[in-house]
Amino acid sequence: MLEAYAVVIGGGAAGSVAAYKLAKQGKHVILMEKGLSFRSSNFSRLSGFMGCETKFQREKGITIASKLNLYNYLTSWAKDQINPKLIRNLLEHNSEAADTLAEMGFTFSAYADWVGSDNREKYLDNMMWSPLHLINEYGSDRADILEDALKKVGVELLFGCEAKELMMENGCVTGVKAITKKGEPVNVKTSAVFIATGGFGNNKKMIQEQFPGAPLGNLGSKNNTGDGVKIAVDIGGILSPRMGMTCNEVCGASLKHREYLFDAEYRMDNDNLGFAVYGGMAVDSNGERFFNEELMATAPIATGSYPALSVGNMYVIMDGDYYDGCCDGGIYKYLNEPDWDFGSHMFVPVLDRAKAQFGQAEKEGWGFKADTLAEIADHFGLTNLQASVARYNDICKKGADRDFGKSAMFLTEIRQGSGYYAFEYSGSYWCTIGGVKSDADLHILNRNNEIIPGAFVGGNEMGSAFGSTYYDIAGTCAGLSISSGIIGANAIVSYLG
Ligand SMILES: Cc1cc2nc3c(=O)[nH]c(=O)nc-3n(C[C@H](O)[C@H](O)[C@H](O)COP(=O)(O)OP(=O)(O)OC[C@H]3O[C@@H](n4cnc5c(N)ncnc54)[C@H](O)[C@@H]3O)c2cc1C
């Protein structure tokens, strides 16, 4: 049997920071990672993390992203779904987490750098964008930096090693049982375990339990199957009642297409998925509008999958001019470059492959074009579509959405003459959020609200830091996750000495 001061389960955002911090203090840490390298985590794919009062922000002159401002923002967003003391603690340790990543070898850019704008007010003095630290190193570079840094401080890395359960004696953690890809058992004797397995995005059963009836596609790591939640429950840990997801912000999705829908360049593999996040007219399966579509265009990461949760698939309807405009010059130009942040720097500004890829959408059954709205309605069974379009056009003419309050910049009439297009979209997400309940130091709690000695949780599975609605500050998921690595390491040292 192997032996370690502490075991970290999961080598993503939270786990790698925790392991690094412990090893830097001379502790012997074993990090178990289910994947064969650090490429398998969602951390290797993310753009950036939320930070507050970091060295990088000081250098950039960013002051609005203070701990207190973020505390007020996050706690008023999530209200009773989270433990405010934990949020405070996570924010308190965020700058150390950012420093830790920098010490490992990562470098950062501000959102304004990426957009190429010196518009301070919009990007540097703005609560949504100024906390964001984009990580410049990506993909295998990121994984290599992580591996080198962790090896350098002496972390013992077990790749292809899947933690299955904790060993317990008298209610305290005494070890971890795991299994290799070849099915060989790996048992480690230890008194403290930091669980950070990234959520249950690829666990269909848990997704259906949490979001019953919703058509949802996973775009994150296949390894994130909710193992941490299961391991915690098995030792008597309790779960938060509300879990959520970080939605796909790049495009829509269709389960008739496929789940992981990005190509090698990290672009959606069919441009016709893009219309979901343009704020154009969307209807439910009755052919009726059901929400303010602007949310998909302005806060897709926080709200992109929510239509799927309440109405199932949604259908985006447009005329041929609109379709051509998005394919030829892009939606932002088509709407005459309005005051729309996300529109001015979209991931895929022009859908120039959409026309060539339309045949695939049609064949798979999620795209359809026709000369009349009646044909569109008939094809997808959208009974009230024609009446809804007539009402929508009247709203567009008046420039005021009396039904759902959509801004005038997204109100474009659906006109006769150039044909019609419709796309059926499901929801999709990068990862799930929420899960295991803990105290403010990330000790896992049991049914009596008592800590389970030696068991700690971090990352996306923190049930006391994430509720059912993702925060609308860019990078919150990763920002809170890296902070949890610092808190988890500190709590382990306080427990074990
Ligand atoms: C494409 C994409 C883009 C994203 N962009 C952003 C962004 O820009 N900003 C942001 O804040 N968030 C973003 N996210 C979310 C972000 O990646 C996560 O919030 C973050 O990585 C969570 O950290 P974590 O440590 O909890 O999980 P992860 O980073 O996913 O790490 C979990 C690790 O645990 C491993 N594991 C799972 N089960 C076991 C087991 N039983 N035993 C051992 N190991 C196991 C997994 O293989 C994985 O490596 C994005 C996600 C995706 C998929």
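Throughout what follows, the structure given in this document is the object of discussion. Only a predicted model underlies this, so the values are computations on that prediction, with no experimental measurement involved.

1. Side note on the sheet that holds strand β18 (residues 427–433)
- An order of β12-β18-β13 is seen for the three strands of this open sheet, with the pairing classed as mixed. Pairing within the sheet leaves two strands with one partner each, and these edge strands are β12 (216–218) and β13 (244–247). Along the sheet, successive strands turn relative to each other by an average axial angle of 60°, direction set aside.

2. Regarding helix α1 (residues 13–24)
- Over its 12 residues, α1 extends 17 Å from the first C-alpha to the last, a length consistent with the 16 Å expected when each residue adds 1.5 Å.
- Of all 12 residues that make up α1, 11 are buried, and the element is covered over most of its length.
- Within α1, the full set of buried residues consists of Ala13, Ala14, Gly15, Ser16, Val17, Ala18, Ala19, Tyr20, Lys21, Leu22 and Ala23.
- The positive-phi residue at the C-terminal boundary of α1 is Gly26, with phi of around 85°.

3. Here's the deal with the packing of helix α3 (residues 67–78) against helix α4 (residues 84–92)
- Between α3 and α4, the least distance of the axes is 10 Å, while the angle of their chain directions is 145°. Crossing angle aside, the handedness with which α3 passes α4 is right-handed. Residues Lys67, Leu70, Tyr71, Leu74 and Thr75 of α3 pack against Pro84, Ile87, Arg88, Leu91 and Glu92 of α4.
- Classifying every residue of the contact of α3 with α4 gives six nonpolar, one polar and three charged.

4. A word on the environment of Pro185
- Relative to the helices and strands, Pro185 resides in strand β10 (residues 185–189).
- Those residues in contact with Pro185, other than ones at most four positions away along the chain, are Lys177 and Ile179.

5. Some details on the environment of Met314
- Tracing the backbone shows Met314 in strand β15 (residues 314–319).
- For Met314, a count of 25 C-beta atoms within 10 Å translates into the label buried.
- Residues Met314 and Ala78 lie 236 residues apart in sequence; the distance between their C-alpha atoms is 26 Å.

6. Brief notes about the nonpolar core
- The biggest cluster of nonpolar side chains holds 157 residues, and the ones touching the most others in it are Val193, Val316, Ile317 and Phe456.
- The element contributing the most residues to this core is helix α20 (residues 476–496), with nine residues.
- Summarising the domain contributions, this core has at least three residues from each of domain 1 (2–202 + 432–496) and domain 2 (271–425).
- Leaving out residues up to four positions away in the same chain, Val193 has contacts with Ala6, Val7, Ile9, Leu166, Val173, Val176, Gly454, Ala455 and Phe456.

7. Digging into unusual backbone geometry
- A positive phi angle, near 50°, is found at Glu337, a position not held by glycine.
- Checked against the element boundaries, Glu337 lands in the loop between α15 (331–334) and α16 (341–344).
- The class of Glu337 is exposed, set by 12 C-beta atoms lying within 10 Å.
- A positive phi angle, near 70°, is found at Leu442, a position not held by glycine.

Criteria and thresholds
- Residues numbered from 1 in each chain as written.
- Predicted model: local features only at pLDDT ≥ 70, side-chain atom pairs only at ≥ 80, totals over all residues.
- Pairing = 2+ DSSP bridges.
- Helix = DSSP H or I, 4+ residues; strand = E, 2+ residues; numbered from the N terminus.
- Axes fitted to C-alpha atoms, helices over the stretch in contact; angles between N-to-C directions.
- Expected span 1.5 Å × (residues − 1).
- Buried ≥ 20, exposed ≤ 12 C-beta atoms within 10 Å, placed from the backbone.
- Left-handed = near helix turned anticlockwise from the far one by under 90°.
- Contact = placed C-beta atoms within 7 Å.
- Nonpolar A, V, L, I, M, F, W, Y, C, P; charged D, E, K, R; others polar.
- Core = buried A, V, L, I, M, F, W, Y, C linked by C-beta atoms within 7 Å.
- Domains from an automatic or database assignment.

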